[in-house]
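Secondary and tertiary structure notes
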Amino acid sequence: MRTIFNKSILLAIPAIVFMASCKKDTPETTTPTTPTTTTPTYTVPATYNKFTNVDYASSKKRIAMLGEMITYIRTAHTTTATPVLSAVKLKDMYANANAQFTDANLNTSGIQLKDQTSSLYNLATDLDASFDSIAAITQTTPNASSGVGGKLVSGTSAYIVDANGLEFKELVEKGIMGGVFYSRATIILSNIGTYDNSTVTNGSTAQERAWDEAFGYFGVPDSFPLVTTGVKNWGSYCNSVSVSLTGSSTNASSFNVIIMNAFLKGRAAISNKDNTVRDEQKQIIIKTWEKVGAARFITYVKQAKTNIADDGKRSHLLSEGVGFIKAFRYNSSKTITDAQINTLLGYFGTNFYNVTTTNLDNAINDMATIFGLDASKL
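Parameters and conventions
Residues numbered from 1 in each chain as written. Predicted model: local features only at pLDDT ≥ 70, side-chain atom pairs only at ≥ 80, totals over all residues. Heavy atoms only, no water. Salt bridge = Lys/Arg side-chain N within 4 Å of Asp/Glu carboxyl O. Helix = DSSP H or I, 4+ residues; strand = E, 2+ residues; numbered from the N terminus. Buried < 20%, exposed > 50% of the residue type's maximum accessible area, 1.4 Å probe, protein only. Core = buried A, V, L, I, M, F, W, Y, C linked by side-chain atoms within 4.5 Å. Contact = heavy atoms within 4.5 Å.

Comments concerning the pattern of salt bridges
Enumeration according to the criterion identifies 15 salt bridges in this entry. Across the salt bridge formed by Glu 173 and Lys 169, the nearest N and O atoms sit 2.9 Å from each other. Taken together, the residues Glu 173 and Lys 169, both in helix 5 (residues 168–190) and four residues apart, mark about one turn of the helix. Overall, Glu 173 belongs to the buried group, its relative accessible area being 10%.

Listed below in structure tokens is the structure:
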């Protein structure tokens, strides 16, 4: 029987002691005796950096690579003259070739985004094609309209979109968030038991390092959610919907706390060879992370509905939302079905200029129902 003791009650990340019991086999040649139990105990730290030899440097560097790519693409998002973007530069950044990053440590890191991109849905090919397309558009930068790729301006904001209103920046950002960060994290977590957890190399096992890598792709600081400074990508979105749904980034029922607690408990369980708790925590992370994408989708589609008559804002917001739907496909342990994903994508059609408020309502309601979310709070 597993007993959990709270050592202290913290608002966000409680330290928890797990008790595990093991029953010894009764020798066949002796009279059965009362089974003995062992009760190894371990403490779950309140912050991730308290574990020995934590290493998620590769995840953090890939997040930084995407950050530089998006910063570069945004240089074309001006309401005045548009700088010409280089497809070669974008492709080099994606494959980490020819020292294109401003951070020299990224150039010499020996890692890249492209070789970690999921092989599903031709994402790498589509991303390379998008680099060619956005670079070509910035050569002349026409005003975008239905059937014409170019620039859409909304107040002080501008967006470069394709002929159907899909924003290139979001295609790249959400594509890599889904097809690299989310894909890699869910693959690692789903298969965590297949990593060696006996051989210690440089202070940690392969299983510990794999769990660290998955945590890194979540994009949060070690003391999250007590500290939210520096959250990136998925971590930033998780924090925003947590505040919307619960009113606080550190509410005990928030996605922030649920996911962070599970990463902490799971890592402690791995270090103490507690596979039962490890597997419980990986499921919590996978299921809750998926809800983060669903909640953020609802937020963006609601905003798109409010701005339905503004081509620039509508295209930007729908591009964000569709990116989250497509990210679901890279999770083999997902709650949402492929049929439901296709239905949701169908509400947006092939051209964002033709989307209707009725279909946006359908998309919001379907997503909220699938994941049991209160759309009114988002």
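Details of the nonpolar core
Among the nonpolar cores identified, the biggest contains 99 residues, and Phe 263 and Phe 348 are the most heavily contacted of them. Counting residues per element, this core draws most heavily on helix 9 (residues 275–306), which supplies 12 residues. With residues near it in sequence (within four places) discarded, Phe 263 still touches Tyr 48, Leu 189, Trp 211, Ala 214, Phe 215, Phe 218, Ile 285 and Trp 289. Membership of the second largest hydrophobic core comes to five residues, among which are Ala 144, Leu 152, Tyr 159 and Val 161.

As for the environment of Asn 98
Checked against the element boundaries, Asn 98 lands in the loop between helix 2 (87–95) and helix 3 (104–107). Note: C-alpha distance between Asn 98 and Val 88 (10 residues apart in sequence) is 9.9 Å.

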